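Residue strings, one per chain:
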Amino acid sequence: MEMQGSRQLAITQQQAWEALNDPAVLKICIPGCDKVEATGENQYAVGMAVKIGPVSAKFAGKITLSDIVPPASYTIVFEGQGGAAGFGKGQSKVQLTPNDGGCELAYSVNAQVGGKVAQLGQRLIDGAAKSLAEDFFKRFDAEMQRRYGPPPEDATDSVAASAEKTGAVAGFMQKIGFGKKDKPEGS
């Protein structure tokens, strides 16, 4: 199976790098994950439950990071065993490129599966992999917003929000009487 894609992240390249190397963040963001633990330098033990079509399994595996170029890129080599359900192994290249909106995360994955999982058919496996990737990014975006706040507004939203805030402040100031000239009674 091969898959590639990219995603705009509303955080800096450094923030993305730190989050992608934090086992606690990965455990929260990887669907079905119940364990991401450091086992050595650039090595992690991972546990996750996966359901692909009618096959459900708990996979235990390891991840090794290589070709590390902080905070821009690395290669993830992974392998996991799911008992009778089968196995999965492969590698993924991840690249973070800074831009005006934060940074872009680009990835490519090359993986092989075996056992019952492999018998499900490539279309079902590819669909499940894409769904897992999309779920990961939704969770990752939510966690980054929780940690760093919402993404910055674009220029048109910023102007509208500024005008709205100015109007609200002016209304409040008027309400409390700031800026009113004293008028004689009866005029």
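Preceding this section is the structure that the text describes.
Residues numbered from 1 in each chain as written. Predicted model: local features only at pLDDT ≥ 70, side-chain atom pairs only at ≥ 80, totals over all residues. Heavy atoms only, no water.

K.L.:
Go over the nonpolar core, please, and point to the residues and values.
P.N.:
Judged by nonpolar contacts, the single largest core of 41 residues is most densely connected at L9, L20, L96, L105, F136 and F140. In terms of residue count, the dominant contributor to this core is helix α3 (residues 122-148) (eight residues). (Core = buried A, V, L, I, M, F, W, Y, C linked by side-chain atoms within 4.5 Å. Buried < 20%, exposed > 50% of the residue type's maximum accessible area, 1.4 Å probe, protein only. Helix = DSSP H or I, 4+ residues; strand = E, 2+ residues; numbered from the N terminus.)

K.L.:
Tell me what's going on with the side chain of S92, and back it up with residues and numbers.
P.N.:
You can see S92 is positioned in strand β6 (residues 87-99). Judged by its relative accessible area of 9%, S92 falls in the buried class. A polar side-chain atom of S92 sits 3.1 Å from the main-chain carbonyl oxygen of S108. Excluding residues that lie within four positions of it along the chain, S92 makes contacts with Y74, T75, I76, F78, Y107, S108 and V109. (Polar contact = N/O pair within 3.5 Å; in protein donor to acceptor, adjacent residues only side chain to side chain. Contact = heavy atoms within 4.5 Å.)

K.L.:
Lay out the environment of G121 with the relevant residues and their values.
P.N.:
One can find G121 in the loop between β7 (102-114) and α3. For G121 and G53, which are 68 residues apart along the polypeptide, the C-alpha to C-alpha distance reads 10.0 Å.

K.L.:
Any details on the pairing of strand β2 (residues 33-40)? Residues and values, ideally.
P.N.:
Pairing between β2 and strand β3 (residues 43-52): six bridges, direction antiparallel. Residue E37 lies in a different strand from β3, and its bridge partner there is A45. Where β2 folds back on β3, the antiparallel hairpin that results is connected by two residues, among which N42 adopts a positive phi of roughly 60°. (Pairing = 2+ DSSP bridges.)

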